[in-house]
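Read off the chains here:
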Amino acid sequence: MKILRIEFKNINSLKGEHEIDFTDVPFTGSSLFAITGPTGSGKSTILDVISLALFNNIPRMGKISTSEINKTGAILTRNQQDAMAAVTYQGKSGKYRSQWSISTARTGNLRDYEMELSNAETGTLIDLKKSEVPGKNEELIGLNYNQFIKAVLLAQGEFAQFLKAKKDERGELLEKITGTGIYRQLGIKAFQKYREENREIQGQQNRIEAIKEQLFSEEKYAGITEELKVKDQLEQDLKKKIESLNKNLELKNKILLQEKEIKIRENENSQAKNNLKTFEQEHGYPLRQHEKIEDSAEELRSWTILRKELTDLELELKNIRQSEQLNKRSRTTCLTEAEELTGTELKPETIEEGLEAFYQKISWLEEERRAKRQEYRGLCNQFQSETRELSFTLDEEVPGKSKEDLLQLAHTSEEERNKIQQRLSGLDITNHSGEKQQISSRLEQAREAWRKEEEIKNITAETKRLQNEAESIEAKLKALPQEIEKAKDRCDLLEERQEKLSLKKQNQLLQAKFEEQRHILEDGKPCPLCGALEHPFAEELPEKDDTLEVEIKQTGNELSNWSKKLSTSEAELSHHKTRLEGLLQEQQVIQSNLNIRKKNFTEKYGHLQEKESLNWEELCNNWQEKLNDLEAWEKEQNRLRAIRTGIPLLEKLQEVLEKGKKLSRERENLYQGKDISQDTGRLKTRWTSLQQEQKHLKERLQELEKRSGLKRTKLEELEEKLLPQVKEKGFENISTARQALMAEAECRALRVQREEIEKTITAAGSSLKLLHSQLEKLKNEDTDESQESLEDKLSEQKQRLAEVSTECRELYSSIKNHENNLKHLEEIKALIAEKEKQIRRWRLLDELIGDSKGKKFNDFAQDLSLSQLLHLANHRLKDLSDRYRIDKPEEEEDDGLVAIDEHMGGQRRSVKTLSGGETFILSLSMALALSDLASRNVEINSLFIDEGFGTLDPETLEQTLDTLEKLQAESSKIIGIISHVDSLKERIATQIQLQRNGQGYSSLEIKG
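A brief report on the enclosed structure follows.

Rules used throughout
- Residues numbered from 1 in each chain as written.
- Predicted model: local features only at pLDDT ≥ 70, side-chain atom pairs only at ≥ 80, totals over all residues.
- Heavy atoms only, no water.
- Helix = DSSP H or I, 4+ residues; strand = E, 2+ residues; numbered from the N terminus.
- Buried < 20%, exposed > 50% of the residue type's maximum accessible area, 1.4 Å probe, protein only.
- Contact = heavy atoms within 4.5 Å.
- Areas by Shrake-Rupley, 256 points an atom, 1.4 Å probe, with all protein chains shown as cover.
- Pairing = 2+ DSSP bridges.
- Salt bridge = Lys/Arg side-chain N within 4 Å of Asp/Glu carboxyl O.
- Patch = residues over 30% accessible without salt bridge, like charges linked within 9 Å, V, L, I, M, F, W, Y side chains within 5 Å.
- Lys, Arg positive; Asp, Glu negative; His and termini not counted.
- Charge placed at Lys NZ, Arg CZ, Asp CG, Glu CD.
- Axes fitted to C-alpha atoms, helices over the stretch in contact; angles between N-to-C directions.
- Parallel < 35°, antiparallel > 145°, perpendicular 65-115°, else oblique.
- Nonpolar A, V, L, I, M, F, W, Y, C, P; charged D, E, K, R; others polar.
- Phe/Tyr/Trp six-rings, centres within 6.5 Å; stacked < 30°, edge-to-face > 60°.

1. Quick notes on the overall build of the chain
Secondary structure assignment for the chain yields 23 helices and 16 strands. Within the chain, buried positions represent 36% of all 1008 residues. Sequence separation of 24 or more characterises 72% of the internal contacts of the chain that already satisfy a separation of 6 or more. As presented, the chain carries roughly 61,500 Å² of accessible surface, and 47% of it is formed by carbon and sulfur atoms.

The structure is reproduced here in structure tokens:
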């Protein structure tokens, strides 16, 4: 994977559009380049652009979203509306361009980010959702995000911390750096999985112990079985005795029930006979009278119906005659109301014509009055429209008064117009529009000149500020070289002292090895160095000198302080030089801009500066006052025009109002009602209805008189036929016979009632005979023992049976529980055996790698990772330095990593004793090794190495850069070094330089 081009716009402090093309000069001449600039200038932003464009992720922030940008204020440059980051790279299968972008909507809120991936050779977009682009880049590059930032963006600072960490801390750091935290999780999961699986077996074993405690011994089990057999036989005997007692009691109960039933039947028979006697007393005579006249029932009912119909007809005839009289009175009333309404004398034949003529006359008057009202309203609206600029309120009830007010308003307005016209004596009022346009143009020009002059003043002040800042920086630049020279001299002196002390310490260590041998020499045994049997120097050993360590430490601390001071002064000197250069350039640009603005101002507005002490504010106010007077004159002129138009309209309004009032008085004299159509229509409808009612009543009267005659004839004929028949059967007249006649339903119900009573008497007699026979038979089967005695015996036997049954159930339950427990015990043992087979692998895995914190497997895995990483690091370290190799600590050593010093005969030293430059060399080799490890299956041709070069002495820095150039030449890699060390600028020709300006933004420049 090789990065070919980086493009971005408005990312962090780098405002505007920028492009870094690694396929173009100067990168084609030398692929080793430096990214330089002061702290905060945006060096790390270039790395952010790469990871953002590929993975929508930034190492310092994590995954990027709209809410994250709003919350932190990162990514999008301040006061800008959109941002973009794009990377073109060479992957396994071709060249691709991945782009990330975001923009602001019209509302001011950020839209959601967008991502797209295209073929860089053809420009064709690959059809992907934005969320799928990071995954596709991972596939094309061959590295995921975590692998990418470890293989391409090398933060050696983490390894500087890693080198000096203790064993436990080193495991955590290695886990973080390599991203191998999965091993700790696997160890925890193995422990948890086995504990979870074994929890079920433990529970089953606890259940086995609980079940064993509940089992019977063999002797107790046999005794319980025999006892159950005896109890069971006793239970069967008691059940037979209870059954015999129940039968005897049941027989006695049947006898009692039979005797009760006989009494009930006897009562029913007596009651039925009484009912029959009562029936004869209440209904016997009427029923016999009905049966006498039953043959003539149809004629008697017809006679009743005819008499009823004839009576109803006579009543209706009476009502019709009364309605005729009422109709006559109503017609007279309706005629009177019509005459009162029209004010004329009317006849029944002409009432409708009279009402219609009156309706037409009133309708015409109302229509004329309505037309005048509409005309009046239209004139009012016209008046309001014509005088809308006057803010005048029309008195619609008295237009004449409004006319007087309007004439007074005209007089006032004319006076005001004349006053304004006097102030405008120097202007051509007849061409007021042209004058107004000319004054507005002059006013706008004066305001623009005023604004331009203020801008020139502000730029002049900014020039002065820049000049003051430049003078302040020049003063600092004069003092800094002396401070730097002093710091360099002091550092050289301390380095020389430290070198002498280190040499002295090495000699002391060599001597110490011989001194240690003196402690173990024994007389008579040969010396391991010379073979002598006598050892005169084994006694009176010299005392050890402990002051050297303190002196070395003090010298090292003092050297570190002066080195920091030197670096700070050099960085400050570089910063001030850059800032001074930027100030001079900015001052030159601003001065040029100022000169141009002054020239343009003189050319455009010089004619306005004829007076030496021109006051722009006073000039603008004068033109504004003239413009206001012109607008006021126009307003008064328009008001006078509106008044002249409104006065004739008021006169016409007065005329229309008088005509409308005349029509209203004429209508009121003829008709005071509200709705003429309703009033005349109501009377016409009522008269027509009364006429129709009169005709209908006359026809109905004739019809009823005819029907009444026919009904009377039929009734007389029927009475002649019926009277002899009823007298023959003992009735005095037809009316008496009709009263004796019952309704058919009533007669039928009485006959049914009488039959039911007779049936009840017969059935009761038969039942009594049968019941007496059955009672005799039951008494013959009954025992002599009393019911109380039988019940006592039954209660005693039932109680005894309940006790025996309970004992049997308890014994049976005990035996069943014992057998179930034995069966359950075997089932649990089988389950445990099967479960043991199933979790055997989890038990073995827990024994090998499991523990509650995952430390066992993680330590093992990190030890393998460390061995592999150290192997690769030592391979890289050969190119950087032939003095050291990195190794893991042995058991008797400190648990930190060890540096093997090949120049000192393979002496093992703790990395904590290394200088800052030596630590950087080792941590850089570790970072390169991690890149090799992360990109084992992928060729990485782009590397970016973070800060740390400032700790190197010039010789080591040169050697490190030589190694990186060699690495770049051998592998064709593009290697970028991120640093603010000035000496890198001299050593590395190709540079991406970043500079901050005074507005919070940074500039980017590529030099080669």
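So that's the structure; there's more coming.
2. Things to note about the pairing of strand 2 (residues 14-21)
Bridge count between strand 1 (residues 2-11) and strand 2: six bridges; the pairing is antiparallel. Bridge pairing in strand 2 links Ile6 to Ile20. Where strand 1 folds back on strand 2, the antiparallel hairpin that results is connected by two residues, among which Asn12 adopts a positive phi of roughly 55 degrees.

3. Details of the pattern of salt bridges
According to the stated counting rule, one finds 30 salt bridges in the structure shown. With its nearest N and O atoms 2.9 Å apart, the salt bridge here joins Arg265 to Glu268. On the criterion of helical spacing, the pair formed by Arg265 and Glu268 is a turn pair, its members being three residues apart in helix 8 (residues 218-293). Look at Arg265 and you get partly exposed, because its relative accessible area is 26%. A salt bridge links Arg885 to Glu902, with the nearest nitrogen and oxygen atoms 2.7 Å apart. Here the residue Arg885 occupies a position in strand 10 (residues 884-887), and Glu902 occupies one in the loop between strand 11 (898-901) and strand 12 (907-910), the gap between them amounting to 17 residues. Given a relative accessible area of 36%, Arg885 falls into the partly exposed group. By relative accessible area, which is 36% here, Glu902 ends up partly exposed.

4. Brief notes about unusual backbone geometry
Note that the residue after Val25, namely Pro26, is joined by a cis bond; omega there is 5 degrees. Positive phi, close to 55 degrees, is recorded for Asn10, a residue that is not glycine. In this model, Ile75 sits at a positive phi of 70 degrees, which is unusual for a non-glycine residue. Locating Ile75 in the fold gives a position in the loop between helix 2 (66-72) and strand 6 (82-90).

5. Things to note about the side chain of Asp901
With respect to the helices, strands and loops of the structure, Asp901 is situated in strand 11. Its relative accessible area of 1% is what places Asp901 among the buried residues. Once you skip the residues sitting within four places of it in the chain, Asp901 turns out to touch Arg883, Tyr884, Gly906, Gln907 and Arg909.

6. Comments concerning a negative patch on the surface
A cluster of acidic side chains, namely Glu485, Asp489, Asp492, Glu495 and Glu499, defines a negative patch on the protein surface. Tracing the backbone through its elements, the reader meets Glu499 in helix 12 (residues 432-519).

7. Quick notes on the sheet that holds strand 12
Paired through their backbone hydrogen bonds, the strands of a sheet run either parallel or antiparallel. One open sheet accounts for three strands, arranged 10-11-12; its pairing is antiparallel. The open sheet terminates on both sides in strands that have one partner only, identified here as strand 10 and strand 12. Within this sheet the neighbouring strands show an average axis-to-axis angle of 35 degrees, counted without direction. Relative to strand 11, strand 10 runs antiparallel, the two being bridged by four bridges. Residue pairing across strands places Asp887 opposite Val898, the latter belonging to strand 11.

8. Remarks on the packing of helix 18 (residues 787-838) against helix 19 (residues 840-849)
Between helix 18 and helix 19, the shortest axis-to-axis distance is 4 Å and the interhelical angle comes to 50 degrees. With respect to each other, helix 18 and helix 19 are oriented oblique. Every residue of helix 19 that contacts helix 18 at Glu836, Lys837 and Gln838 is listed here: Arg840, Arg841, Trp842 and Arg843. Considered class by class, the residues forming the contact of helix 18 with helix 19 number one nonpolar, one polar and five charged.

9. Topic: the packing of aromatic side chains
If you walk through the whole model with that rule in mind, you get seven aromatic pairs. For the pair Phe22 and Phe27, a centre-to-centre distance of 4.9 Å together with 70 degrees between the ring planes defines the contact as edge-to-face. Of the two residues, Phe22 and Phe27, neither departs from the other in class, the shared state being buried. Judged by centre distance (6.5 Å) and plane angle (15 degrees), the ring pair of Trp100 and Tyr113 falls under stacked.

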